[in-house]
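Structural description and commentary
Here's the letter readout for the chains.
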Amino acid sequence: MKKLNIDTAFLTTTLLELLAIPSPAGLTDEIVHYTARKLDALGLNYELTRRGTIRATLRANRDDGPRDDAAYTKAGPDCAIVAHLDTLGAMVREIKDTGRLALSPIGTWSSRFAEGGRVTLFTENGRVRGSVLPLKASGHVYNEEVDTQPVNWDQLELRVDERIGNADDVRALGVQVGDFVAFDACPEVLENGFIVSRHLDNKAGVAALLAALKAVVESGAAVPIDCHAVFTLTEEVGSGATAVIEDDVSEVIGIDIGPVAFGQGAREEGVTIPLMDSAGPHDYHLTRRLLRMCAEHAIPSNRDVFRFYHSDAGAAVKAGHDVRTALVCFGADASHGYERTHLSVLVNIAELLTLYMQSGHTLPKDRHHRLGTVDDFSHQLEAEQLTRQETPMPDPGELTRG
């Protein structure tokens, strides 16, 4: 097992291409076509669900010992690395008499990050451009009311960049309730390595995963078990990997954003590995194994706990899959807004993923679908950690006798 070189030019180009393709949850067919073509170029086989979730397979090329469990006669159990292709966005909720459009958010994000956004509204047969503005958008008209207007989606409206006088003018453009609104990513890659953009969540994670697959394929590195690269479509609306993890998988790593803020451990340098999020603790053995890989191969790492956070990894467990889970995150400032991370973080994530793909099962017993005895089951604590030192108590009878 060795850390592989990551093609940073490929990673950066792939990220910018992903950001150029609108993909709010529910409008993801085109990003699926793009990602599938990238997998084709790497020579990786894949299959698609009805809605387009992609399950690619990096085949094992090295025998990692006997596999005597009838449930996994193929080569498993396998591992899966999951990243989501969908982003935040909005949908037309109402066509107002004025010709402005009320919006409902796709995904969970604050309306304050939508204000001022340049967008594309996709009709059934075309597209129109526009801006998302607060209801009181002109200081020359509303004066200080501009600053006291509440912050919520009911306080926003979409101004279409066409000659519009009323609702009929908008309808004449083909605009209808339920049309998708995609926010421009507006990416900027700086010479110092910082990357600023909307939708780094999770297109930066997808780019890192594709770069890791490219490194493993081109290096010919030994891969002991099949590894599935899974690209989901509905993580931002809560379902994500609920329906795509097969019974041949024993562990799932999610790749996603790590919120950088005061009081959080996530950083815009190194890999961030959260030990818990809103779905509860991630797997003890898998998370600590990833942290050891970072330490052993000089990959900077951060530990964190995410309080208001859901991911594909958690979705897999909630769906009832008996899998170990972990998250590998790129630290990014202003999550679900104009996000910022650093290219070195994405390289570090790709490096860690290449190590993981070469590493096999987290625990040898995971080869088996079920264990018939606890003898081979894992331990999280040493016996010494469980030994309690009792404080001797005096005899109260002796204390109270004269």
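To keep things clear, this report deals only with the structure shown in the data block. All figures in this text were calculated on a predicted structure; none of them were measured in a lab. (Residues numbered from 1 in each chain as written. Predicted model: local features only at pLDDT ≥ 70, side-chain atom pairs only at ≥ 80, totals over all residues. Heavy atoms only, no water.)

Observations concerning the nonpolar core
Which entries qualify depends on this criterion: Put simply, a nonpolar core is a bunch of buried Ala, Val, Leu, Ile, Met, Phe, Trp, Tyr and Cys residues held in one set by side-chain atoms that sit within 4.5 Å of each other. Partly exposed describes any residue whose relative accessible area lies between the buried limit of under 20% and the exposed limit of over 50%, with all areas from a 1.4 Å probe on protein chains only and scaled to the type maximum. Here, two residues are considered to be in contact whenever any of their heavy atoms come within 4.5 Å of each other.
Counting residues in hydrophobic clusters, the biggest one holds 72 residues, and the most contacted among them are Leu209, Leu213, Phe231, Leu290, Phe330, Leu352 and Met357. Setting aside chain neighbours within four positions, we find phenylalanine 231 in contact with Thr35, Leu39, Thr53, Ile54, Ala83, Leu85, Val206, Leu209 and Leu210. Ranked by size, the runner-up nonpolar core spans 21 residues in total, among them Leu103, Trp153, Leu156 and Leu158.

Here's the deal with the pairing of strand β7 (residues 127–134)
Here is the rule we go by: Only DSSP runs of H or I with at least four residues qualify as helices, and only runs of E with at least two residues qualify as strands; both kinds are numbered from the N terminus onward. Strand pairing is defined by DSSP finding a minimum of two bridges between the two strands.
The element β7 is largely enclosed, with a buried count of six among its eight residues. With five bridges connecting them, strand β6 (residues 118–122) and β7 associate as antiparallel partners. Note that in β7 the partner of phenylalanine 122 across the bridge is arginine 127. The hairpin turn running from β6 into β7, its antiparallel successor, is four residues long. Sheet topology note: the β7/strand β8 (residues 156–160) ladder contains five bridges and is antiparallel.

As for helix α7 (residues 284–296)
Residues three or four positions apart in an α-helix share a direction because the helix packs 3.6 residues into each turn. Put simply, the rule reads: Here, expected helix span is obtained from the residue count minus one, scaled by 1.5 Å. Between N or O atoms, a polar contact is any pair within 3.5 Å; within protein, one atom must be a potential hydrogen donor and the other a potential acceptor, and residues adjacent in sequence are included only when both atoms are from side chains.
For α7, which comprises 13 residues, the first-to-last C-alpha distance of 18 Å matches the rise-based estimate of 18 Å (1.5 Å per residue) to within 8%. Taken together, the buried positions of α7 are occupied by His285, Leu286, Thr287, Arg289, Leu290, Leu291, Met293 and Cys294. Buried residues in α7 make contact with β13 (249–260), β14 (271–277), β16 (301–305), β17 (324–333) and α9 (343–357). If you check the start of α7, you find a side-chain oxygen 3.1 Å away from the backbone N of histidine 285, and it comes from aspartate 283. Directly after α7, the chain includes alanine 298, whose backbone phi takes a positive value near 55°.

A few points about the pairing of strand β9 (residues 180–183)
Alternating positions in β9 separate into two faces, Phe180 and Ala182 on one and Val181 and Phe183 on the other, with burial throughout. As defined by bridge partners, strand β4 (residues 89–95) adjoins β9 across two bridges and the pair is classed as antiparallel. Residue pairing in the sheet places alanine 90 in a bridge with valine 181 of β9. In terms of strand pairing, β6 meets β9 through four bridges, oriented antiparallel. Its bridge partner being in β9, threonine 120 is matched across the sheet by alanine 182.

Quick word on the pattern of salt bridges
The condition that has to hold: Salt bridges are defined by distance alone: a side-chain nitrogen of Lys or Arg within 4 Å of a carboxyl oxygen of Asp or Glu.
Enumeration according to the criterion identifies 20 salt bridges in this entry. Arginine 55 is the partner of aspartate 248 in a salt bridge, and the nearest nitrogen-oxygen pair spans 2.8 Å. On the criterion of sequence distance, the pair formed by aspartate 248 in the loop between β12 (227–232) and β13 and arginine 55 in strand β2 (residues 54–58) is long-range, its members being 193 residues apart. Here arginine 100 and glutamate 157 are joined by a salt bridge, their closest N and O atoms 3.2 Å apart. A residue pair is termed long-range when its members are at least 10 positions apart, and arginine 100 in the loop between β4 and β5 (101–106) and glutamate 157 in strand β8 qualify at 57 residues. Residue arginine 100 is classed as partly exposed on the basis of its relative accessible area of 27%. Given the relative accessible area of 9%, glutamate 157 is considered buried. Connected through shared salt-bridge partners, Asp283, Arg324, Lys365 and Asp366 make up one network.

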